[in-house]
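Breakdown of the fold
Given next are the chains, with one letter for each unit.
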Amino acid sequence: MDVFRGLTICFMIVVNTPGSGATPFAPLLHAHWHGFTPTDLVFPSFLFAVGNAMSFAMKKHSSVGTAAVLTKIGKRTALIFLLGYLMYWFPFFRLSESGDVTGFPISETRIWGVLQRIAICYGIASLLVYFLSFRTVILLSVVFLVGYWLILLGWGDPADPYSLAGNAGSQLDRFLFGDAHLYHGEGVAFEPEGLLSTLPAIVNVVIGYYAGQFVQHKGKNYESVAKLLLVGSALIFAALCWNMVFPINKKLWTSSFVLLTTGLDLAIMAALIYIIEIRQWNNANWTRFFVIPGKNPLFIYLLSELLVIAFYMIPVASGGNVFSWINRNFYQKLAPGPVGSLLFALSFMLLCWLVGWVLDRRKIYVRV
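Let me sum up the structure you'll find in this document.

Cut-offs and rules
Residues numbered from 1 in each chain as written. Predicted model: local features only at pLDDT ≥ 70, side-chain atom pairs only at ≥ 80, totals over all residues. Heavy atoms only, no water. Phe/Tyr/Trp six-rings, centres within 6.5 Å; stacked < 30°, edge-to-face > 60°. Buried < 20%, exposed > 50% of the residue type's maximum accessible area, 1.4 Å probe, protein only. Lys NZ or Arg CZ within 6 Å of the ring centre and 35° of its normal. Patch = residues over 30% accessible without salt bridge, like charges linked within 9 Å, V, L, I, M, F, W, Y side chains within 5 Å. Areas by Shrake-Rupley, 256 points an atom, 1.4 Å probe, with all protein chains shown as cover. Salt bridge = Lys/Arg side-chain N within 4 Å of Asp/Glu carboxyl O. Helix = DSSP H or I, 4+ residues; strand = E, 2+ residues; numbered from the N terminus. 1 Å grid on protein atoms, 1.4 Å probe; cavity = no way out; pocket = protein on both sides within 12 Å on 5 of 7 lines; lining within 4 Å. Points joined across faces, edges and corners; volume = space filled by probe spheres on them. Nonpolar A, V, L, I, M, F, W, Y, C, P; charged D, E, K, R; others polar. Polar contact = N/O pair within 3.5 Å; in protein donor to acceptor, adjacent residues only side chain to side chain. Contact = heavy atoms within 4.5 Å.

1. Quick notes on the packing of aromatic side chains
All told, the structure shown has 30 aromatic pairs when counted by the stated rule. Geometrically, the ring pair formed by Trp89 and Phe92 is edge-to-face, given 5.4 Å between the ring centres and 85° between the ring planes. Relative accessible area serves as the criterion here: at 41%, Phe92 is assigned to the partly exposed category. An aromatic cluster of at least three residues, connected via ring pairs, comprises Phe311, Tyr312, Phe323, Phe330, Tyr331, Phe344 and Phe348. In this arrangement the basic side chain of Arg110 is found over the ring face of Tyr88, its NZ or CZ atom lying 4.5 Å from the centre.

Dropping the structure here:
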């Protein structure tokens, strides 16, 4: 599990922090709208990993009372949500084009985001698997996926219910939170981690949870690998069929996208069990590279995001900021174009990894 999380966090940093001055290679970009790239697998893999980790935590919950379990789930959900909210607000001020410090009022802060979605999905999925039977949770997961599809069809723009401006989720977010509290990276107020699209994302956590339970029950053997691959293949096939009427779309987090990403995650999980546990192809200790960030995923994610914000906030005498200056004067001169962009992303990932290595050496693991 640490290797899976480590792979995810390292790839996430690479795709989130391409060097400026060049367009990254196509596989390192999100699909513009409908469609799928390897980059689109990063976030759902985080949710899958959260569910997998829950399968271990729930064992401990059986020895304490319901009140203690609810308190733990509630606190963790609130802390992760708050960390995500504060990360987008950081550094709580802005710099104007002339370099002057201006205010960053709370009325303009983004409410939803990556950690916020992780928090809500974790909280709801934890309650589902704690209080309900396996059969009921699976039934509800189907209801979430099909229900989300029907809501988009019934309340979205009749001409194009899956459009950027006309989808029902975007309309709901604008109504409840207003444009100022939404993401504006698409050129308009649109929240890719919005309220309505969080509903199908819960299923990513649920499937990760039951995959973890299955491996713990059956063991890390050929049977587990085969069954994980079979279920993963079935989900991918179902996703491709559903894609014909409900397009795979990461930004809308469509139900077909959920099936595709969980299917791929199950296949990756099966491959890791085969490589590491069965064949034990880790004699060169290559797994340790990914285990290090996998033990501190939340801290390293926050570090990567806050460090980039700091780079953008620090001006340089020649104009621009530290982020663009480093890319312009070193990486783009060393390897112009997408190669230089990739080299910067890899270097930045290794810098974050180094911090994780120091923490691991000191046995410091940040948990919430």
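That covers the picture; the talk isn't over yet.
2. Description of a nonpolar patch on the surface
A cluster of nonpolar side chains, namely Phe25, Phe330, Leu334, Val339, Leu343 and Leu346, defines an oily patch on the protein surface of about 500 Å² accessible area. Sorting the residues of the nonpolar patch by element identifies helix 12 (322–334) and helix 13 (338–361) as the ones contributing at least two each.

3. Overview of the environment of Ile111
Note that Ile111 resides in the loop between strand 2 (101–103) and helix 4 (114–131). When the C-alpha positions of Ile111 and Leu182 are compared, they lie 6.8 Å apart, and in sequence the two are 71 residues distant.

4. Side note on the layout of surface pockets
Its boundaries defined by the atoms lining it, the largest pocket holds a volume of some 1500 Å³. Lining the largest pocket we find 47 residues, and of these Asn16, Tyr88, Arg110, Tyr183 and Glu305 sit closest to its centre. With 7 residues, the top contributor of residues to the lining of the largest pocket is helix 11 (residues 297–313). For the lining of the largest pocket, the per-class residue count stands at 27 nonpolar, 12 polar and 8 charged. As a volume, the second largest pocket reaches approximately 870 Å³. Looking at the lining of the second largest pocket, the elements with two or more residues in it are helix 1 (2–16), helix 2 (42–61), helix 3 (66–89), helix 4, helix 10 (287–295) and helix 11. In terms of residues, the lining of the second largest pocket owes the most to one element, helix 2, which gives 9 residues. Residue composition of the lining of the second largest pocket, grouped by class: 18 nonpolar, 3 polar and 6 charged.

5. Considerations on the side chain of Asn249
For Asn249, the location among the structural elements is in the loop between helix 8 (222–242) and helix 9 (255–278). A relative accessible area of 0% means that Asn249 is categorised as buried. A polar side-chain atom of Asn249 sits 3.0 Å from a polar atom in the side chain of His34. If we ignore the near neighbours within four places in the chain, the residues touching Asn249 are Trp33, His34, Gly35, Thr254 and Phe257.

6. What to know about empty space enclosed by the protein
Enumeration over the complete set of coordinates arrives at 1 cavity of 30 Å³ or more. Reported here for the largest cavity is a volume of approximately 70 Å³. With 3 residues, helix 6 (residues 168–177) is the largest single contributor of residues to the lining of the largest cavity. Taken together, the residues of the lining of the largest cavity break down into 6 nonpolar, 5 polar and 3 charged.

7. Examining the pattern of salt bridges
Counted according to the given criterion, the structure contains 10 salt bridges. In this structure, Lys295 and Asp360 form a salt bridge, with 3.7 Å as the shortest nitrogen-oxygen distance. Here the residue Lys295 occupies a position in helix 10, and Asp360 occupies one in helix 13, the gap between them amounting to 65 residues. Residue Lys295 is classed as partly exposed on the basis of its relative accessible area, which comes to 23%. Among the charged side chains, a network of salt bridges with common partners joins Arg110, Glu191, Glu193 and Lys250.

8. Quick word on the environment of Tyr130
Mapped onto the fold, Tyr130 is located in helix 4. On the basis of relative accessibility, which here comes to 25%, the residue Tyr130 falls in the partly exposed class. Sequence separation of Tyr130 and Gln332 is 202 residues, and the distance between their C-alpha atoms is 52 Å. For Tyr130, the contacting residues outside a window of four places in its chain are Met58, His61, Gly65, Thr66 and Val69.

Geometry only, nothing functional implied.
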